[in-house]
Each structure stands twice: as C-alpha cells, then as structure tokens.
Amino acid sequence: MELMDQENLTKKFEEEYNKLKQKVQKPGILLAGQTGVGKSSLVNHVFGDTVAITGVGKPITQEIRCFENNETSVRIYDTAGYETKDGGDDRFINDVLGMVKNPAQAEVNIIWYCISTLASRVTDYDLKVIKAFSDSGCPVAVLLTKAEKTDDETVKALRTVLKQADEKLNIFETSIYAKEYDQTTKLIDWSIERLPEHLQKAFISQQKLSFAQKRKYAKIAIAGHVVAAGAVGASPIPFSDAALLTGNELILLTELLYIYDMGGIKNAIKSTFIGTLLSNLGKSAVGTIAKFFPGIGTAVGAIINASVAVAITWAFGGAIAMACEKYWKAKLNGEDTTDFVNKFASEVETFANENMAKKRTSEETIFNNL
C-alpha cells in the first residue's frame, strides 16, 4: 500500500474533521444577570472571540436570544438584562424557566448567573431568580464578576449573603484582567463535571483557559489511537505499507486539533498543510525508527512492529498537543501568533523528533513535559 499523496491526505483530513464536528453535540449555557454585569466579556474570556453574544442573535423567547455559529462548539443563551428599579419581573423568571424545562424549545444544560461585585450588593430579586433556577433542577453557578475592581471584604460580604440564602450554592469570582482574582478555571471544571458526558468534549474544545482539561481528553484520544497503532503493528509490516499507520495518525490529528479548537489555525494555513505534515512524518519515519529502535532493520527494509507503532503514535500525538498548547499560551499572553501559524507543521515535526530522541513515547513522559 502506498502512502497517500498530499492532496488525498488533505482531503481525507477535511472529511474526518468535518465528520467529527458534525457528530459532537453542543452544550447549552444560559447566561443571566442584570444589565452591565459583564456577560459578553466573560464569554470571550472563557470561550474566545469566536463566541460572541453581540448583535441580535436568534430569538428563543421574548427574553432570550441564542448565539452560535458553525465554528463554535457551544450554544449560548443570553437573557435580556433587567433593571432592579422595576423590582424585577416574574414574567422573566417564568419565561426562562419555561425554556429550561422544555428541551424541545432549547436545551439548557447549565446556568451561569452573573452578579457584578461593583454593585456591592445582592438584591432580593437576584436571590429570587437564583432560587427559581436552582429549583428547576438545572445546575446553577453564581459568578461574581469584575472581582479585581473591588476589595476582598466586599466579595466576602456578597458570598455571605448568597450562602445564607442557599449554603449549597456554587460561587466563583471572575476577573478578565487579574489572574489572582480569577476562579474561571474552577468554573470550567465545575461546568464540565455537571454536563452530560456526551456534551463534555465540545465544551472542553471551546474553552480556552483550562489546559488540564484539554490534556485529559488529549490523553484519552492518543491512548485510543495507540491501541489501534499497536494492532496495526501486531503483525510487523514493512515501511512501504506504513499508510496503514498514517491513516490512524491522521484521524488522531483531527481529534487533537478539535480538542484544542484549532479549526481556526487549520483555515489560516495553506490547504497543503495537513498533507505536508503527514507526508514529512512518513518520509522521516524510517530514519527515526532505525536510529532510535536499533535492530529492526535498515532504512531500506525497515519494519514497523507493535512497539515501534505505539512509540510513534505517542510521540506524534504528544507533539501535536505540545504545539497546540504553545500556540494558545502565546495567544492568551497577547503575543503575535501569525508567524507561529505559518510554522505550525514544522513545530509539530520538531516536537515529534524531540519526543523520539528523548524517548518521550508514553503517557507519563509526554504529558510530564507539558
């Protein structure tokens, strides 16, 4: 079997990536809170700028708009802000609860209720809405936004009021600009734990702040393909038949790019990127195998056995995770990532060769270096 050419590899990748995105189901997150609490900033902070609750959105009810697009893996339901000077509105509560309890209308899986710390108070209406949401059975988290703009005593007082109303409330402080005040990664962990299992992968893909959660699913993905690679190499195959292994690596690549939400980088790179990456991997594999696994044959007649196939898959999968994390860390730090996008393929190849050279070919050795 001959290795696929670049054009066919790229086409196959596109098919697998689109198939994966269509198969994964999106979780629904309901955002609620008074006007000006910072819901839009919070969404951008957690999910990136591809998820935005700006513009009109799709109307679900008079009070609720849905925001999603083909490039995002979550669905945001944004409630209209309400003003406490009106004493609140039971219509708002009934409208939202009606939607929460009716999956046919909109599937809401978790609720984030936002209270700005700048307000320095929790209103009776806040407590009324939170109780109504909690009583609905849908998981509710209360977010104290803009935590960096107030003092610790104010935040403590807000927590006390909320806990007195319901000691079981899950409360998180959030800050866009000051990490020491930001508990958003804890909010992410809480949200994932309360989502149905079939919705967790999409949420993990879209969120940008918890690398620990992305690594968890990256390990699962790589481990699954390690098993498949071992099966391919169970009966040693000549390198000339390595397309059997390359097909496995290609599907692994699509899964990891999805977990790290690298769809955008895929679109930014020339169409031959995927083909070039896997083609180069195949061309260098014989030399790599002969160098780091002595005794399996010469470069001309190299044999891929189970242990070699497993090692390559861990090294390759780990390299993709390393490159993705390097990209996102740079982007989150406000660095210009344009040059990195253009060099993504070479970054993966460099990490893969480094993993092989340093014998980082297992779960522990790969992820201890991230």
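Residues numbered from 1 in each chain as written. Predicted model: local features only at pLDDT ≥ 70, side-chain atom pairs only at ≥ 80, totals over all residues. Heavy atoms only, no water.

Engineer: Break down the overall build of the protein for me, with residues and values.
Structural biologist: Looking only at helices and strands, the protein features 15 helices and nine strands. For the protein, contacts bridging at least 24 residues in sequence account for 74% of all contacts bridging at least 6. Entry remark: accessible area of the protein is about 16900 Å², with carbon and sulfur atoms responsible for 50%. (Helix = DSSP H or I, 4+ residues; strand = E, 2+ residues; numbered from the N terminus. Contact = heavy atoms within 4.5 Å. Areas by Shrake-Rupley, 256 points an atom, 1.4 Å probe, with all protein chains shown as cover.)

Engineer: Outline the side chain of Gln 213, listing residues and values.
Structural biologist: Its location among the elements puts Gln 213 in helix H8 (residues 211–232). Those residues in contact with Gln 213 that sit more than four places away from it in its chain are Asp 189, Ile 192, Ile 204 and Gln 207.

Engineer: Give a detailed account of the nonpolar core, specifying residues and quantitative values.
Structural biologist: Within the largest apolar cluster, 62 residues are counted, with the highest numbers of intra-cluster contacts made by Phe 47, Trp 112, Phe 203 and Leu 257. Looking at which element gives the most residues to this core, the answer is helix H12 (residues 306–332), with 10 residues. Core analysis: the next-biggest nonpolar cluster, separate from the first, contains 31 residues, Cys 66, Leu 97, Val 100 and Leu 144 among them. (Core = buried A, V, L, I, M, F, W, Y, C linked by side-chain atoms within 4.5 Å. Buried < 20%, exposed > 50% of the residue type's maximum accessible area, 1.4 Å probe, protein only.)

Engineer: Describe unusual backbone geometry, naming the residues involved and giving the relevant values.
Structural biologist: Residue Ser 120 is not a glycine yet carries a positive backbone phi of 60 degrees. Mapping Ser 120 onto the fold places it in the loop between strand S5 (110–116) and helix H4 (124–135). What makes Ser 120 partly exposed here is its relative accessible area of 46%. One non-glycine residue with positive phi stands out, namely Lys 146, at about 55 degrees. Here Lys 146 is to be found in the loop between strand S6 (140–145) and helix H5 (152–165). When its relative accessible area of 24% is taken as the criterion, Lys 146 is described as partly exposed.

Engineer: Help me get a handle on the packing of helix H6 (residues 184–194) against helix H7 (residues 197–206), residues and values and all.
Structural biologist: The contact between H6 and H7 brings their axes to 8 Å, and the two run at 160 degrees. In terms of orientation, H6 and H7 fall into the roughly antiparallel class. In this structure, H6 contributes Ile 188, Ser 191 and Ile 192 to the contact, and H7 contributes Gln 200, Phe 203 and Ile 204. Partitioning the contact of H6 with H7 into residue classes produces four nonpolar, two polar and no charged. (Axes fitted to C-alpha atoms, helices over the stretch in contact; angles between N-to-C directions. Parallel < 35°, antiparallel > 145°, perpendicular 65-115°, else oblique. Nonpolar A, V, L, I, M, F, W, Y, C, P; charged D, E, K, R; others polar.)

Engineer: Explain the environment of Arg 360 residue by residue, including any values.
Structural biologist: Tracing the sequence through the fold places Arg 360 in the loop between helix H14 (344–357) and helix H15 (363–367). For the pair formed by Arg 360 and Ala 319, sequence separation is 41 residues and the distance between their alpha carbons is 10.0 Å.

Engineer: Account for the packing of aromatic side chains, naming residues and giving values.
Structural biologist: If you walk through the whole model with that rule in mind, you get seven aromatic pairs. Considering the side-chain rings of Tyr 327 and Trp 328, the 5.2 Å spacing of their centres and the 75 degrees angle between planes classify their relative orientation as edge-to-face. Here the two residues Tyr 327 and Trp 328 agree in accessibility, since each one is buried. These aromatic residues form a ring-pair network of at least three members: Tyr 327, Trp 328, Phe 340 and Phe 344. (Phe/Tyr/Trp six-rings, centres within 6.5 Å; stacked < 30°, edge-to-face > 60°.)

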